[in-house]
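Letter by letter, the chains look like this.
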Amino acid sequence: MNLVMFGPPGSGKGTQAERIKRRFKLEHVSTGDLLRKAIESKTELGKRVEGILAAGELVSDEIVLELIDDVVGRVGSDETVAGWLLDGFPRTSGQAVGLDDIVAAAGQEIDAIVVLDVARDAILKRLAARGRTDDTPATVSNRLDVYEELTEPILKHYEGKVSIHRIDGDQQIEEVTEAIERLLK
Ligand code: AP5
């Protein structure tokens, strides 16, 4: 089973992905985590993207598509996992089209998209309490604007092609997990 976890910054994509991956034996792929690791390791990629993450802007489609291409190919040939769970990708129409190509070339498909709905005010409170380096009020506000402008609209790309499930992400963490598990059974 191949899934995409979708939703605004702070909606709980990473939290839920960690829980769902164990239940369904999926490889969890977070482009944000991959980029932060590159920054921590001070790789060439990390140096190129550090300022972009700090500002809450998006890194180029080319960079993230390369990261995803590597993973989809590897997971497809790994018999110990049952599929992939993408978190924070795709985020632009270019990434959605690129993912279609990668998935088709690997002979795979996206089985479902899970959208976590959480209101802006609730997210501002959550991320103020967490304090990651890109959780400053100005950067969070920009990340939310970028999501609304560039990412939320790409759901239209999948309408009629992939099952899209909307979940209320403003519940207890366990309740959100149970709601996702129910729809994936
Ligand atoms: P990324 O790491 O993907 O960040 P994000 O989308 O902004 O999402 P977060 O990780 O902040 O939130 P989340 O939805 O995973 O929620 P979480 O579970 O952490 O991207 C970071 C940056 O990398 C981007 O801004 C961009 O620059 C770059 N980037 C990444 N992917 C890219 C791409 N595809 N293209 C271009 N650039 C890209 O939870 C958040 C907090 O809420 C936690 O403290 C958690 O404990 C809490 N929480 C979770 N669930 C609940 C709940 N139900 N109730 C209360 N609190 C909760």
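Notes on the structure in this doc start here. Sequence order sets the numbering: in each chain, residues are counted from 1 along the sequence as written. The predicted nature of this model means local features are confined to residues of pLDDT at least 70 and side-chain atom pairs, given and counted, to a pLDDT of 80 or more, with totals for whole chains, interfaces and linings taken over all residues. Working from all heavy atoms in the structure, the side-chain values ignore hydrogens and water.

### Brief notes about the site of the ligand
Logical step 1: Taken together, 30 residues surround the ligand, and among them Thr-15, Glu-57, Arg-91, Arg-130 and Arg-143 come closest.
Logical step 2: For this analysis, a polar contact is any N or O atom pair within 3.5 Å, provided that within protein one partner can donate a hydrogen and the other can accept it, and provided that sequence-adjacent residues contribute only side-chain to side-chain pairs. One nitrogen or oxygen atom from the side chain of Arg-143 is found 2.7 Å from an oxygen atom belonging to the ligand.
Logical step 3: Numbering of helices and strands runs from the N terminus; a helix is a DSSP stretch of H or I covering at least four residues, while a strand is a stretch of E covering at least two. Looking at the shell around the ligand element by element, the count peaks at four residues for helix α2 (residues 31-40).
Logical step 4: Polarity classes work like this: nonpolar for Ala, Val, Leu, Ile, Met, Phe, Trp, Tyr, Cys and Pro, charged for Asp, Glu, Lys and Arg, and polar for all others, with Gly in that last group. Partitioning the shell around the ligand into residue classes produces 10 nonpolar, 11 polar and nine charged. Neighbouring residues are identified by heavy atoms, a residue being near a molecule or strand if any of them is within 4 Å of it.

### A look at the pattern of salt bridges
Logical step 1: Any carboxyl oxygen of Asp or Glu that lies within 4 Å of a side-chain nitrogen of Lys or Arg is treated as forming a salt bridge with it. Here the structure, examined in full by the defined rule, presents 14 salt bridges.
Logical step 2: Residue Arg-19 is joined to Glu-174 by a salt bridge in which the shortest nitrogen-to-oxygen separation is 2.2 Å. With Arg-19 in helix α1 (residues 13-24) and Glu-174 in helix α9 (residues 173-184), this pair connects stretches of sequence that are 155 residues apart.
Logical step 3: Note that Glu-44 is salt-bridged to Lys-47, the shortest N-O span being 3.8 Å. Placement of the pair is Glu-44 and Lys-47 together in helix α3 (residues 44-55), with a separation of three residues, close to one helical turn.
Logical step 4: Given the relative accessible area of 52%, Lys-47 is considered exposed. Here's how the labels work: a residue is buried when its accessible area is under 20% of the maximum for its type, exposed when over 50%, partly exposed in between, all with a 1.4 Å probe on protein chains only.

### Some details on the nonpolar core
Logical step 1: Core analysis: the largest hydrophobic core is formed by 31 residues, its most contacted members being Phe-6, Leu-35, Ile-68, Leu-86, Leu-99, Ile-110 and Ile-113.
Logical step 2: Elements represented by at least two residues in this core include exactly β1 (3-6), α2, α3, α4 (61-76), β3 (84-87), α5 (93-105), β4 (112-117) and α8 (155-158).
Logical step 3: For this core, the leading source of residues is α4, giving eight residues.
Logical step 4: Every residue pair with non-hydrogen atoms within 4.5 Å of one another is taken to be in contact. Other than its neighbours up to four places away in sequence, Leu-99 contacts Leu-65, Ile-68, Leu-86, Phe-89, Pro-90, Ile-110 and Tyr-158.
Logical step 5: Ala-17, Leu-26, Leu-85 and Val-114 belong to the second largest nonpolar core, which has 15 residues in total. Among buried residues, those of type Ala, Val, Leu, Ile, Met, Phe, Trp, Tyr and Cys that are joined through side-chain atoms within 4.5 Å constitute a nonpolar core.

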